[in-house]
Amino acid sequence: MSFTPKVGFVSLGCPKALTDSELILTQLSAEGYVTSKTFDGADLVIVNTCGFIDEAVKESLDTISEALAANGKVIVTGCLGAKSGDDGQNLVKGLHPSVLAVTGPHATQEVMDAVHRHLPKPHDPFLDLVPAAGIKLTPKHFAYLKISEGCNHRCSFCIIPSMRGDLKSRPIGDVLNEALALLESGVKELLIISQDTSAYGVDIRYQTGFFQGRPIKSRVYELVEALAELAEPFGAWIRLHYVYPYPAVDEIIPMMATGRVLPYLDVPFQHSHPDVLKRMKRPASGEKNIERIHAWRKVCPQLVVRSTFIAGFPGETQGEFQHLLDFLQEAQIDHAGCFAYSAVDGATANDLPGMLALELRQERQAEFMAVAQNISAKKITNLIGSTMQVLVDKSKSLGRAGGVGRSYRDAPEIDGVVHLLPPERVSKTYLTGEFIKVKILDSQGLDLIGVPI
Ligand code: SF4
């Protein structure tokens, strides 16, 4: 009987880390390893870590300790793996010298090399058993599609570029081939991610790539256009995340107005006041964001804008904070999240003068969120009585007890949902990943309640 090596895999962190996990899992499966989400019976464990904020660092370090205690053979990858401790040495290696190998993010080959060293690959893998779309950690009906790695900006509160390096765009042919494989495997919603989606192709000077023999420029507009064309016959959704408000984005809005791409933009504004944005060293800080949002909404009135903000950045005056609240009101941001500023080890913002007291930072965050939630709640009240297309996320109980889905307004896990009441014809059943028409009856906090029609 042949031995089939088993690898336990724990994936922590953001969607970008998730796509790294998917690449490693896909490679492991392609080579014939068995993978599992637990340590039970595993011959080796891989932990994909997050190193962005203190809580994530703690969660990652705790997971590594648990894996070492439970299994003993542990490989660490991801953002935390690229971090140094106070002594300038690798943080993970310093704290856990017994880990077998440590790599930074986006290091599939290095991780596989370490796996091969410590758990030789099985003989004669059954390559055909791997689905063309690779191994996905998301449910079958939606998937994240990473178009680039790293970032050319140097925002003062962020250490991602030091962990993930400068922008590295994937070849457009590779991105489109992966999109097609995902769509053919039944994915109904592609979520486009990167650190800076608008900057796609900048590092390769927008060079022309090829997809199915056709030349396509590596630029965000051409990419989105090609994705929309691919998704159309499958009736699938394309949703854009981490889009900076550069002029290039204006060209995409008409595609949203006609429904070729979801009228949804995740734009991480972080602040509105020009002086704060300068201190943050934000990309597009000179852009007139409020005018831009108004112009987008003129072309595409149904556009939903999601954004994240930081309250209490070093030196933020009451006037600058008020500017942020006024911006929020005027921009009518549909889904806004806000963090109270907290220092991240290694970020240059730590050297800025004017650190505010924790209490004041938290007060401002709470004040911001109260305004934001009020705007969101009012906006969704206007949807009561309308009919929306909803993608079913949980269908098991969509017989007598109802279910859960999302409209174009909501990205998975970060926005709201549509609670689906039992359909009038209870004999009709729905499948996860199916699009249905829903009449919106009510709202509940940031969620909607509707009934399939
Ligand atoms: S744009 Fe700024 S916040 Fe985003 S990854 Fe780059 S440096 Fe970090």
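Residues numbered from 1 in each chain as written. Predicted model: local features only at pLDDT ≥ 70, side-chain atom pairs only at ≥ 80, totals over all residues. Heavy atoms only, no water.

Caption draft 1: The arrangement of the overall build of the chain in detail. The number of helices and strands found in the chain is 13 helices and 20 strands. Its C-alpha atoms give the chain a radius of gyration of 23 Å, near enough to 22 Å, the size a compact globule of 453 residues would have. Along the longest, intermediate and shortest principal axes, the C-alpha atoms of the chain span 65 × 65 × 50 Å. Relative to its 453 residues, the chain shows a buried fraction of 54%. Of the contacts formed within the chain by residues at least 6 apart in sequence, a portion of 74% connects residues at least 24 apart. Entry remark: accessible area of the chain is about 20100 Å², with carbon and sulfur atoms responsible for 54%. Between the centroid of the 45 positive side chains of the chain and the centroid of its 52 negative side chains there is a distance of 4 Å. (Helix = DSSP H or I, 4+ residues; strand = E, 2+ residues; numbered from the N terminus. Rg over C-alpha atoms; globule rule 2.2 N^0.38 Å. Buried < 20%, exposed > 50% of the residue type's maximum accessible area, 1.4 Å probe, protein only. Contact = heavy atoms within 4.5 Å. Areas by Shrake-Rupley, 256 points an atom, 1.4 Å probe, with all protein chains shown as cover. Lys, Arg positive; Asp, Glu negative; His and termini not counted. Charge placed at Lys NZ, Arg CZ, Asp CG, Glu CD.)

Caption draft 2: Spotlight on the site of the ligand. Around the ligand, the surrounding shell consists of Cys151, His153, Cys155, Phe157, Cys158, Ile160, Pro161, Gln195, Tyr244 and Arg282. Looking at the shell around the ligand residue by residue, the class counts come to 7 nonpolar, 2 polar and 1 charged. (Near = heavy atom within 4 Å. Nonpolar A, V, L, I, M, F, W, Y, C, P; charged D, E, K, R; others polar.)

Caption draft 3: Region of the structure containing the pairing of strand β4 (residues 74–78). Burial analysis of β4 places 5 of its 5 residues in the buried class, the great majority of the element. Across the two faces of β4 the burial is the same, with Val74, Val76 and Gly78 and Ile75 and Thr77 all buried. Crossover strand β3 (residues 44–49) to β4 through helix α2 (residues 54–70) is right-handed. Bridging between β4 and strand β5 (residues 101–102) involves 2 bridges; their strand directions are parallel. (Right-handed = clockwise from strand over helix to strand, strands pointing away. Pairing = 2+ DSSP bridges.)

Caption draft 4: Looking closely at the sheet that holds strand β20 (residues 447–452). In spatial order, the strands read β16-β17-β18-β20-β19; together these 5 strands close into a barrel with mixed pairing. The mean inter-strand angle of the sheet, taken between neighbouring strand axes irrespective of direction, is 50 degrees. Bridging between strand β16 (residues 387–394) and strand β17 (residues 403–406) involves 3 bridges; their strand directions are antiparallel. Pairing of leucine 391 across the sheet is with arginine 406, part of β17. (Axes fitted to C-alpha atoms, helices over the stretch in contact; angles between N-to-C directions.)

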